[in-house]
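Reading the structure
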Amino acid sequence: MLRVTALPLAELRERTSEKWREYPADVLPLFVAETDFPLAPAVTAALQRALDLGDTGYIASRPPLAEAYAAFAERRFGWRPDPARMRSTADVSMGIVELLRRVTQPGDRVVVTPPVYPPFYELVDEAGAEVVRVPLRDTGTAWELDLDGIRSAFEDGATAILLCNPHNPTGTVHDRDSLVALAELAEEFGAAVVSDEIHAPLVQPGSGFTPFLAAGDAAGRVGYAVVSASKAFNLAGLKCALMIAADEQTNAVVRALPVEVEWRTGQFGLIAAVAAFSEESDAWLDGLLRTLDENRLLLEDLLASRLPGVRYRIPEAGYLAWLDFSAMAWGDNPGRRILKDARVALQDGPAFGEEGRGHARLNFGTSPEIITEAIERIASLAGR
């Protein structure tokens with residue numbers, strides 16, 4: 001059984017990415033969504049081969065990426081999208097903006113479901129639309145889409161919804177019934193659904209992930225998905241994502257995108273993504289998921305013993321923990337005090353929307369030692 005373990009802290013501090021350059025060396029950085037693991041061996045080999053060949057030119061007009069992702073989705077999710085209905089671009093955010101620009105008109109309203117990935121607000125604005133907030137429903141044990149609230153937003157004129165599936169920051173895997181109902185709602189009101197599925201490869205076994213475009217016939221008629229290997233395989237800096245359609249009309253929208261949208265794909269990003277989505281990387285991904293499963297349970301134990309006042313629900317996907325510090329009385333943005341006094345950098349909760357007051361997001365895609373040290377430092381603020 002393959003194990004994927006984080007690099008030593010001393011080596012990690014040699015990295016030059018955002019996670020390791022934003023703060024001084026005495027800060028443990030658990031904020032931005034980068035992981036601390038070595039690359040999957042197949043990815044390293046593919047990139048090394050490209051370097052050896054000097055394969056650093058423009059992306060090819062017919063790269064193997066779409067076929068690689070279709071096979072990956074079939075193995076991992078039981079769904080095989082049509083490679084002919086995919087186009088690449090630089091990253092998921094760019095794909096979202098380009099699609100929103102074509103399914104909305106300037107000034108249209110787009111639903112987002114906070115607490116949600118902070119750039120969603122900016123992406124809607126960049127596309128020329130306006131945000132309509134329909135927060136997730138907190139059932140007391142889980143979060144779910146507020147379908148009644150989404151219906152009201154569509155009735156009030158919203159023309160699209162930007163879905164996060166799985167959801168960031170809560171790690172929620174939206175169930176199939178909710179996605180089917182969302183698709184039918186969108187079709188009823190002539191609205192589009194753009195689904196960010198960047199965290200899909202990181203769904204834990206047994207969590208029942210459903211790609212939005214696989215959630216019934218209506219989803220194919222109203223939906224678009226944007227996917228990438230970047231979060232699971234830590235490839236964000238290499239710039240590659242796929243925009244996917246599942247119907248002739250939606251595919252016509254994707255095909256009509258300017259060729260420059262596709263040419264923004266990074267050559268190294270494409271090479272790395274093909275290797276990541278290959279069957280050769282499945283064992284590495286399975287090993288990563290086991291490590292993340294252990295880490296999410298470790299975090300639960302540490303919080304229960306050292307910070308029992310912090311509310312935490314184990315995420316079903318990803319390596320991001322949504323922590324509710326409200327009972328600690330550390331203010332609307334507890335991450336500020338934690339950074340200043342504990343020297344641990346978390347992602348500020350209010351950036352995710354009003355629902356993030358009193359919260360912070362912690363990245364547990366690292367070693368058990370770093371997770372433990374971070375919680376010990378934070379617990380010291382509570383005198384425990």
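Note that the structure is predicted; figures quoted are calculated from it, not measured.

Looking at the packing of helix α4 (residues 65–77) against helix α14 (residues 282–306)
In a packed pair of helices, the relevant descriptors are the angle between the two axes and the axis-to-axis distance. Packing of α4 against α14 brings their axes to within 13 Å, and their N-to-C directions diverge by 45°. By the angle class used here, α4 and α14 are oblique. Considering only the axes of α4 and α14, their crossing is right-handed. Counting all contacts with α4, which are made through Phe 72, Arg 75 and Arg 76, the residues of α14 involved are Asp 282, Leu 285, Asp 286 and Leu 289.

A closer look at the sheet that holds strand β9 (residues 223–227)
The seven strands are arranged β2-β10-β9-β8-β7-β3-β4 in an open sheet whose pairing can be described as mixed. Each edge of the sheet is formed by a strand with only one pairing partner; in this case those strands are β2 (86–89) and β4 (130–133). Averaged over all pairs of adjacent strands, the angle between strand axes in this sheet comes to 25°, irrespective of strand direction. The pairing of strand β7 (residues 160–164) with strand β8 (residues 192–196) spans five bridges and is parallel.

So, the packing of aromatic side chains
For the coordinates displayed, the defined rule picks out twelve aromatic pairs. When the ring of Tyr 69 is compared with that of Phe 72, the centres are 6.1 Å apart and the planes differ by 35°; the resulting orientation is tilted. With a gap of three residues between them, Tyr 69 and Phe 72 both fall in helix α4, about one helical turn apart. This pair shows no difference in class: Tyr 69 is buried, exactly as Phe 72 is. Each member of the aromatic cluster is reached from another via a ring pair, and the members are Tyr 69, Phe 72, Phe 77, Phe 209 and Phe 277.

Notes on the environment of Ala 283
Here Ala 283 is to be found in helix α14. Put simply, Ala 283 and Gly 383 are 100 residues apart on the chain and 42 Å apart in space, counted from C-alpha to C-alpha.

Some points on the pairing of strand β15 (residues 359–363)
Most of β15 is tucked away, with five of its five residues classed as buried. Residues His 359, Arg 361 and Asn 363 point to one face of β15 and Ala 360 and Leu 362 to the other, with burial holding for every one of them. Alignment of strand β12 (residues 320–324) against β15, held across five bridges, turns out to be antiparallel. Bridge pairing in β15 places Trp 322 opposite Arg 361.

Cut-offs and rules
Residues numbered from 1 in each chain as written. Predicted model: local features only at pLDDT ≥ 70, side-chain atom pairs only at ≥ 80, totals over all residues. Heavy atoms only, no water. Axes fitted to C-alpha atoms, helices over the stretch in contact; angles between N-to-C directions. Helix = DSSP H or I, 4+ residues; strand = E, 2+ residues; numbered from the N terminus. Parallel < 35°, antiparallel > 145°, perpendicular 65-115°, else oblique. Left-handed = near helix turned anticlockwise from the far one by under 90°. Contact = heavy atoms within 4.5 Å. Pairing = 2+ DSSP bridges. Phe/Tyr/Trp six-rings, centres within 6.5 Å; stacked < 30°, edge-to-face > 60°. Buried < 20%, exposed > 50% of the residue type's maximum accessible area, 1.4 Å probe, protein only.

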